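Commentary on secondary and tertiary structure
Each chain is listed here by its residues.
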Amino acid sequence: MNFKADLPQHLSDQIQLTGSLAAQDFKRTVRNNVQAIHNLAERIQETDGEYYDFWKQDAKRLLRQNESLTFVELISEEGIVKDIYPRVKNQSAIGLDITKLDYRYSDWKTKSKKGITNITQWLQLSQGGNSFLIDVPVYFDDTFDGTVTGGMNFNAEFDRLSYYLEDFAIKIEDEEGTAFYSFNNFDAAQNDPQYIFDTSMVMDSDIEESWHFQLTFADPTIFADKLKVANLALGFGLLLSLCIGLLQFFNSNSRIATKEALETNKKLQLVNTALEQQTENAKLASVAKSEFLSNMSHEIRTPLHAIVGITDLIDSGNTNFEEEHYLELLKKSSKTLLNLINDILRLDRIESGFVDVAHIEFSPASVLESIVSFHNQIIEHKGLDLSLKVNSSKSKTALGDRAKFEQIITNILSNAIKFTNSGSILVIYDEKEVNEQIDLKITIKDTGIGIPKEKISQIFERFIQLDTGTRKKHSGGGLGLAIAQHLTQLLNGNIEVTSEEGKGSEFIINLKFDCLQAPTEKREEHFKRALPELNILAVDDNKLNVVILSQLLKKIGLCTDIAYNGTEAVEKAKAKNYDLIFMDIHMPDIDGFEATRQIKSTQKNTIVMGLSADTTLNSINEGMSCGMSTYLTKPIDKNKLIAVIEDYFGSTSRNVV
């Protein structure tokens, strides 16, 4: 009885949900195809008509990529079909004057003059067959130059979407009420309005013009069939009850029933155990996350409190405070906050997959020596003994990602220093060449507090910290080891850990890099000889960044003009033809994107390279769309700078525009 009472609402809900999802899929398919025509029109507009010479190649590619697109044509501002692709099948449409077609010309003219995309009703074409026509207007300097028009028939793609809706019937009508698509014979399907999903698919800019989408059950007797199943279930249930009663009466199968009950009970116990374990895991994860957030709040607020307090003290005009001491504290707090934020952003970027692996030349042994030397001041301040042992007679040159190698070593070494209050830290470097690769083994041993055995497996997790709570003794966000683990895996390596609580820890980092057999010290000199004389402009509102970039360029033999904001960059580009411009993104007056657009509007041959610390995918995409040739991220080293300039201005790239 409950089933019968709930059946109408259940069927109605099923139709509404299925119809809503299907309508979205159909609408998305249409918009994706229409977007292809938009993209072609935009390329023609962006080149002030020069792209008309290439539109057929682009149309050929669009027809390959968009199954519903059957042809692309160009219609002049006077309403004449100038050209069409493919030409052979549509020859009869060339030269067609649509001003003579009352059902066609009025919408075409009205929408185009407003700069609005027009989608026609389902039309009988002059060259035969039926199609929708998508008119995208083209404007040059606010002057109408005709439309890029695509003929589209969505039946094949709609059939593919409908393949998974075999129990349903679909009908779509255009704005004039013409049914141009039907699936599973909609007119023969069930016709109760309660079980019909009915909606308007607004496909045109004019909201009054839309497609009419309907979906219902293909089986016209579905309600009766469902009730029949319910009645059969009821009859079967009564029969089964009778049989069970007889079996109980005669007690012939009592042993089997008992055995089945025991087995079922055992399975339920196993399920309960699994649920309890999952509940416990969820609690642990929640506690770990809460501790992490509490710790991050403390770690961020601590340097912020110092920065704000010292700033207020300086601003108060009090001349009695120790200025040098407080400025040092301000610098230290700012650096602590920056490192913490960098760790958070670096880990999020790694786990999001937006990390590339560079391939540059470097000496792992030399890099390791520099890292150890850099930490000597901290070691001396803590009264520890730091030693480096290199087990290699001649250090080799590797080809790989030096920055990630440095980050891995720095994070683990910093961790060892943080948790070692007395004693020593030993760094051991081993390398060997195997099959033209360098196998590296870097061991970092300390005499610090150690790690409990039961927590060794957790130290690389992002929300787990061994030292948590309000009484924690060591600062930091707890992200260093998680970042080191991610970067090591990204370089196809691994980290091994052994530790004993109270006696210290040992981390072993295993990595492989390609080995360079021949010396490459002369690459920079060859680069200087092969490179032509270039006019270069560096744009950045941060003067230190400009100085660093200009000095890097000076070291490789290139002189640089400087602009400190977007407006100044545009003015200098107007006064002088630059071959290459390094453009910062975030600037106070006009940003790097807008400055690039203005420069490229008059200096089309100038190579503009984005150079920013903003590495989000949205910024990179916007940089490329506004006219930048490439997008570089800060900090940039000399080798990468040489490589990217060689790509555009080297002897093999002189004709690149």
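The notes below deal with the structure included here. Owing to the predicted nature of the structure, the values given are computational and were not obtained by experimental measurement.

Examining a nonpolar patch on the surface
Where nonpolar side chains cluster on the molecular surface, the patch consists of Leu239, Leu242, Leu246, Phe249 and Phe250 and spans about 580 Å² of accessible area. Structurally, Leu239 is set in helix 5 (residues 222-250).

Side note on helix 15 (residues 592-602)
Along helix 15, the residues that are buried comprise Gly592, Phe593, Ala595, Thr596, Ile599 and Lys600. Taken around the axis of helix 15, the buried residues stretch over an arc of 160°, which confines them to a single face. Against helix 14 (566-575), strand 20 (580-583), strand 21 (607-612) and helix 16 (617-625) lie the buried residues of helix 15. Two to three positions downstream of the cap, the backbone nitrogen of Phe593 sits 3.1 Å from a side-chain oxygen, assigning the N-cap of helix 15 to Asp591.

Details of a negative patch on the surface
On the surface, a cluster of negative charge is contributed by Asp48, Glu50, Asp53, Asp141 and Asp142. With respect to the helices and strands, Asp48 occurs in the loop between helix 1 (2-46) and helix 2 (55-65).

Considerations on the packing of helix 10 (residues 402-418) against helix 11 (residues 480-490)
Axis separation between helix 10 and helix 11 bottoms out at 9 Å; the angle between their running directions is 145°. The interaxial crossing formed by helix 10 with helix 11 has left-handed handedness. In this structure, helix 10 uses Lys404, Gln407, Ile408, Asn411, Ile412 and Asn415 to contact helix 11, whose residues at the interface are Gly480, Leu481, Ile483, Ala484, Leu487, Thr488 and Leu490. Taken together, the residues of the contact of helix 10 with helix 11 sort by class into seven nonpolar, five polar and one charged.

Description of helix 1
In this model helix 1 runs 64 Å from its N-terminal to its C-terminal C-alpha over 45 residues, within 8% of the 66 Å that 1.5 Å per residue would give. Where helix 1 bends most, at Pro8, the angle is about 35°. Within two residues after helix 1, Asp48 carries a phi angle of roughly 55°, on the positive side.

Structural notes on the environment of Thr149
Considering the arrangement of structural elements, one finds Thr149 in strand 6 (residues 143-152). Looking at Thr149, the relative accessible area reads 0%, which means it is buried. Spatially, the C-alpha atom of Thr149 lies 9.3 Å from that of Asn118, the residues being 31 residues apart in sequence. With residues up to four places along the chain from it excluded, the contact list for Thr149 reads Phe71, Val72, Glu73, Ile75, Arg104, Leu133, Ile134 and Asp135.

Looking at the side chain of Thr443
Within the element layout of this structure, Thr443 appears in strand 15 (residues 437-446). Judged by its relative accessible area of 6%, Thr443 is buried. When near neighbours in sequence (up to four residues on either side) are disregarded, Thr443 contacts Leu426, Val427, Ile428, Glu506, Phe507 and Ile508.

Cut-off values and rules
- Residues numbered from 1 in each chain as written.
- Predicted model: local features only at pLDDT ≥ 70, side-chain atom pairs only at ≥ 80, totals over all residues.
- Heavy atoms only, no water.
- Patch = residues over 30% accessible without salt bridge, like charges linked within 9 Å, V, L, I, M, F, W, Y side chains within 5 Å.
- Areas by Shrake-Rupley, 256 points an atom, 1.4 Å probe, with all protein chains shown as cover.
- Salt bridge = Lys/Arg side-chain N within 4 Å of Asp/Glu carboxyl O.
- Helix = DSSP H or I, 4+ residues; strand = E, 2+ residues; numbered from the N terminus.
- Buried < 20%, exposed > 50% of the residue type's maximum accessible area, 1.4 Å probe, protein only.
- Arc of directions from axis to C-beta.
- Contact = heavy atoms within 4.5 Å.
- Polar contact = N/O pair within 3.5 Å; in protein donor to acceptor, adjacent residues only side chain to side chain.
- Lys, Arg positive; Asp, Glu negative; His and termini not counted.
- Charge placed at Lys NZ, Arg CZ, Asp CG, Glu CD.
- Axes fitted to C-alpha atoms, helices over the stretch in contact; angles between N-to-C directions.
- Left-handed = near helix turned anticlockwise from the far one by under 90°.
- Nonpolar A, V, L, I, M, F, W, Y, C, P; charged D, E, K, R; others polar.
- Expected span 1.5 Å × (residues − 1).
- Bend = angle between axes of the 7 residues up to and from the residue.

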